[in-house]
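# Summary of structural features
Chain residues, written in single-letter form:
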Amino acid sequence: MPGQPLRPDEQLALLNAAITQCRHCPRLVAHRERIARVKRRAYLGEEYWGRPVPGNGDPQARVLLVGLAPGAHGSNRTGRMFTGDGSAEFLIPALHRAGFANQNASTRVNDGLALRDLYIAAAAHCAPPGNRPTPLEIRRCRPYLIEHLAVLSRLQIIVCLGAVAWDGFLGAAGGYGLAMPKPRPKFRHMGRIELGRWAVIATYHPSRQNTQTGRLTAAMLDEVFQLVRSELAIYGPRSS
């Protein structure tokens, strides 16, 4: 009916449509589009997404996963966060083991993956050179994370994957209107703070640089999501 407020899934669809059209950062636009043209040898026959990668997941999620930025030949190729690269191969099985994903692989957009009670966003939505967005690029992308925080009204727990995501989320939380603890909390694996109504938990990013060196192991990531599950149990069962 006219005048009715939009449902969360409708609001997220509008937000993600805006994200995919963003061209605010010239360096990122040039990089993501160049990667989509040049491609990696293994994917020469594929059409790359080559645009900002939207958030995805359960519109009624109580858990928000904040990533760093899309991978050049993963999300920038497939068009979905943590899909089609080494980070996905490590993260998605952990989400499946913890009950947040219906399957243990994320290879392409139409592969049947569904996230349960969890939504994925990012500090930056475009693939950056060297996997490192600049502070200015993160600030330009911040309104999208702030809007995700506003639309996902059932959020109780935020999980930040890596120091860039941690700092990016804290910046967004400040923009959302929350007062920052002093001194500003520093990133550390399994670090936890309370911010407004949310518990915020940090973990190393599941990049190959971290997982192949043993800085982040499957057991360590399982421990993170076990903590998330224990936190959710304190809040009680999810309402319909």
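Now for a quick tour of the structure. (Residues numbered from 1 in each chain as written. Predicted model: local features only at pLDDT ≥ 70, side-chain atom pairs only at ≥ 80, totals over all residues. Heavy atoms only, no water.)

As a further point, take the environment of Ala-18. In this fold, Ala-18 is placed in helix α1 (residues 8–20). Between the C-alpha atom of Ala-18 and that of Arg-80, which follows or precedes it by 62 residues, the distance is 15 Å. (Helix = DSSP H or I, 4+ residues; strand = E, 2+ residues; numbered from the N terminus.)

Strand pairing in a sheet relies on backbone hydrogen bonds, with the paired strands running either antiparallel or parallel. The sheet built from 6 strands is open, its strands ordered β1-β3-β2-β4-β6-β5 with mixed pairing. Lying at the two open borders of the sheet, with one neighbouring strand each, are β1 (56–57) and β5 (192–195). Relative to strand β4 (residues 157–161), strand β2 (residues 63–67) is paired through 4 bridges, and the arrangement is parallel. Each residue of the ladder has a partner; that of Leu-65, found in β4, is Val-159. Packing of helix α6 (residues 163–176) onto the sheet brings it into contact with β2, β4, β5 and β6 (198–203), and relative to β6 it is tilted by some 160°. (Pairing = 2+ DSSP bridges. Contact = heavy atoms within 4.5 Å. Axes fitted to C-alpha atoms, helices over the stretch in contact; angles between N-to-C directions.)

Okay, unusual backbone geometry next. Look at the link from Lys-182 to Pro-183: it is a cis peptide, with omega at -5°. Locating Pro-183 in the fold gives a position in the loop between α6 and β5. Within the chain, Lys-39 stands out as a residue other than glycine whose phi angle is a positive 65°. Along the chain, Lys-39 falls in the loop between α2 (26–38) and β1. We classify Lys-39 as partly exposed; its relative accessible area is 23%. Look at Phe-82: it is not a glycine, yet its phi comes out positive at around 50°. The topology assignment puts Phe-82 in the loop between α3 (75–78) and α4 (86–97). (Buried < 20%, exposed > 50% of the residue type's maximum accessible area, 1.4 Å probe, protein only.)

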